[in-house]
Amino acid sequence: MALSKHELQESLARAVAAQTPDVLPNVLRRVGAGDTVGVEAAPAQPNTLTFPLDAAPPQKRRRALRWVVSAAAVLVLLLGLYSGFSYVNGLDAIVSFDVNPSIELQVTRAEKVLAATALNAEADDILDGMNLENVDLDVAVNALIGSMLKHGYISANKNTILISVENNNAQKGAALQERLANEVGSILNSNAVDGAVLSQTLADDDRLRQLAGQYGISLGKAALVDLLVSQNPQLDFAAMAALSINDISLLLSSKQTALEGVAYSGQASSTAYIGEEKAEAVALAYAGVVRSNLVSIQTELDYEDGRMVYEVEFATTAAEYEYEIDAQTAAVLKQETEPVEHPAQTNDNSGVAAGPLTEDEAKAIALQHAGLQQADARFVKAVRYQKQGVWLYELIFMDSHSKYRYLVDTNTGNILDHYIYQLGGGASQPAEPPASTLPQPASDNPPAPASSSSTAPASASSTPAPAPENPAATPPAATGTISAEQAQAIAAGHSSVPAGEMRVLEIKLEKEDGVLVYDVEFTYGGTEYDYEIDAATGAILDWDMDEADDD
């Protein structure tokens, strides 16, 4: 039913009375006194609306007042409508999604997208051709996650996403964070991705916002990286900012960094890397140490010199080892070995400080390095002697296939030199190693200390690793071509696999890049080994180990 003009004016007047101070009595008082009623209290200007009340009849004055009241009511109504529109459709929250692409959505109270911003080049790919303005937030989230899956930024190997919500209303922000985390998890699962979701609510922080702008990431990713770096000062913010959220999540987990204020569901995928178990196997094989003889071992995923690496630290009773293994290629990048210090003791027979190792302990160290049990070896010589102030055990022992000779420092338990050669036919070596390879007791030159620190050249692929600290077979010094049996022995020694127990798959001589090399492939204990050995020098050019095929 349409309102009459009079009813409309009364309705508007009531609206004015409800929304504005009651100034009407004051206006009527001024009218009764013959004052001028204007928009401003200042002296009348050319654009000031005035009513000369003494010149107008009472009826016109009432109409003028009603007109003023009506106009004011319409203005208040328009302002109210505008305020309501702004309240519902103005900026209410900022939601960011980080994988490696970083995308930021500005969201209204009605959960419509005001704007979608790509914060780095990868995000440009995700938003290419997408117009999310005025789109429902849920629809926009589905579109973004779908595009990340399509472009390969989310996959089985990189399954982690970070969701960050910035809202002045903490309670509302937390509710939105939880809802979006559940929604994204469902989207990933429906696309056959076992996803991991990190989510957090944020408060505005000028320092973090400056870092986010500097590195082209969201405020949410800046907050997460800041948490990681603050508890691990050896890490660099710039390097961490360039990593994917999946790698950051793996580092957080490996370093057991507390995620205060961050909710976590699912588990970050590590399938792109070799894993801790294989990293440890590579380090132990390289050092020639048997796992059963370890005192301790600890492995941690880390980031060094632009790559993800496994840091493997382990110890025996004789030495402590630190290895850095490329997390993708299994290449040995660094290795350090330090002898375990033992307090010196006096030898009653000679009066010379001979060190704490007994003969049995020295034998145990040599057997451990050779990968043999006591019952499998027969010792033919065990002599302790001093050479230029260093006390040594010379140990020679045999099993059914090989003969072993070790020099062990009695003070440190360090293996100073050793040699292995085959007995009988087939893969046989000379009856005694060359004099230049095996120091003799009468020599004037003392054995070199076994503690070392070396760094292998960086490589993006499985590149040749440096020779082990104490290789189980020393390459021939001659420049002529070594035999296939010698190449096999060198590979066996480096891998700490007893030569008589390996199952040889192939030994072939071939030329690679103009260099003659032996390709030696064999299996032992469920592991397959592949070695490339320089046929002229006996140097190990490349090696790899993997799980053996069942057949």
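Note that the structure is predicted; figures quoted are calculated from it, not measured. (Residues numbered from 1 in each chain as written. Predicted model: local features only at pLDDT ≥ 70, side-chain atom pairs only at ≥ 80, totals over all residues. Heavy atoms only, no water.)

> I'm lost on the packing of helix α5 (residues 137-150) against helix α6 (residues 170-190) in this one. Help?
When two helices pack together, their arrangement is given by the angle between the helix axes and by the axis-to-axis distance. Close contact between α5 and α6 brings their axes to 11 Å; oriented N to C, the two are set at 45°. Regarding the angle of α5 to α6, the classification is oblique. Crossing angle aside, the handedness with which α5 passes α6 is right-handed. Residues L137, D138, V141, N142, I145 and L149 of α5 form the contact with α6, whose participating residues are L176, R179, L180, E183, V184, I187 and L188. Counted by class, the contact of α5 with α6 contains nine nonpolar, one polar and three charged residues. (Axes fitted to C-alpha atoms, helices over the stretch in contact; angles between N-to-C directions. Helix = DSSP H or I, 4+ residues; strand = E, 2+ residues; numbered from the N terminus. Parallel < 35°, antiparallel > 145°, perpendicular 65-115°, else oblique. Left-handed = near helix turned anticlockwise from the far one by under 90°. Contact = heavy atoms within 4.5 Å. Nonpolar A, V, L, I, M, F, W, Y, C, P; charged D, E, K, R; others polar.)

> What should I look at first to understand the packing of aromatic side chains in this one?
Note on aromatic pairs: each is described by the distance of the centres and the angle between the planes. What the rule picks out here adds up to nine aromatic pairs. An aromatic cluster is present here, built from Y286, F314, Y321 and Y323 joined pairwise through their rings. Between the NZ or CZ atom of K363 and the centre of the ring of F379, over which it lies, the distance is 4.7 Å. (Phe/Tyr/Trp six-rings, centres within 6.5 Å; stacked < 30°, edge-to-face > 60°. Lys NZ or Arg CZ within 6 Å of the ring centre and 35° of its normal.)

> Help me understand the nonpolar core, please; the structure alone is not making it clear to me.
Nonpolar side chains tend toward joint burial in soluble globular proteins. Within the largest apolar cluster, 67 residues are counted, with the highest numbers of intra-cluster contacts made by F314, Y323 and I325. Non-local contacts of F314, meaning those with residues more than four positions away in its chain, are made with A283, L284, A287, V289, L294, S296, I297, A319, E320, Y321 and Y323. Residues L137, L144, M148 and V165 belong to the second largest nonpolar core, which totals 32 residues. (Core = buried A, V, L, I, M, F, W, Y, C linked by side-chain atoms within 4.5 Å. Buried < 20%, exposed > 50% of the residue type's maximum accessible area, 1.4 Å probe, protein only.)

> Looking at this structure, I do not really get the pairing of strand β7 (residues 296-304). What am I missing?
On any regular strand, side chains alternate: one points to one face of the sheet, the next to the other face. In the sheet, β7 pairs with strand β8 (residues 307-315) via nine bridges, with the strands oriented antiparallel. The residue of β8 that forms the bridge with Y303 is M308. (Pairing = 2+ DSSP bridges.)

> How should I be thinking about the confidence of the model for the chain in this particular structure?
Residues shown with low pLDDT carry predicted positions that ought not to be read at fine detail. Mean pLDDT for the chain: 75, with 69% of residues reaching 70 or above. A low-confidence stretch, residues 37-42 (pLDDT under 50), is modelled with nine contacts involving residues beyond four sequence positions or located in other chains. Ignoring residues within four places in sequence, the model shows residues 425-479, a span with pLDDT below 50, making 128 contacts including any to other chains. (pLDDT = per-residue confidence, 0-100.)

> Please clarify how the side chain of T412 should be interpreted in this entry.
As for its position among the elements, T412 is in the loop between β13 (402-409) and β14 (415-422). Note on T412: relative accessible area 11%, which makes it buried. One polar contact links the side chain of T412 to the main-chain amide nitrogen of N414, over a distance of 3.1 Å. (Polar contact = N/O pair within 3.5 Å; in protein donor to acceptor, adjacent residues only side chain to side chain.)

> Is there a simple way to explain the packing of helix α7 (residues 206-215) against helix α8 (residues 219-231) in this structure?
The contact between α7 and α8 brings their axes to 8 Å, and the two run at 105°. Compared by their axis directions, α7 and α8 come out roughly perpendicular. When α7 is examined against α8, the residues R207, L208, R209 and A212 are found in contact with a partner set consisting of L219, A222, A223 and D226. Of the residues in the contact of α7 with α8, the class split is five nonpolar, no polar and three charged.

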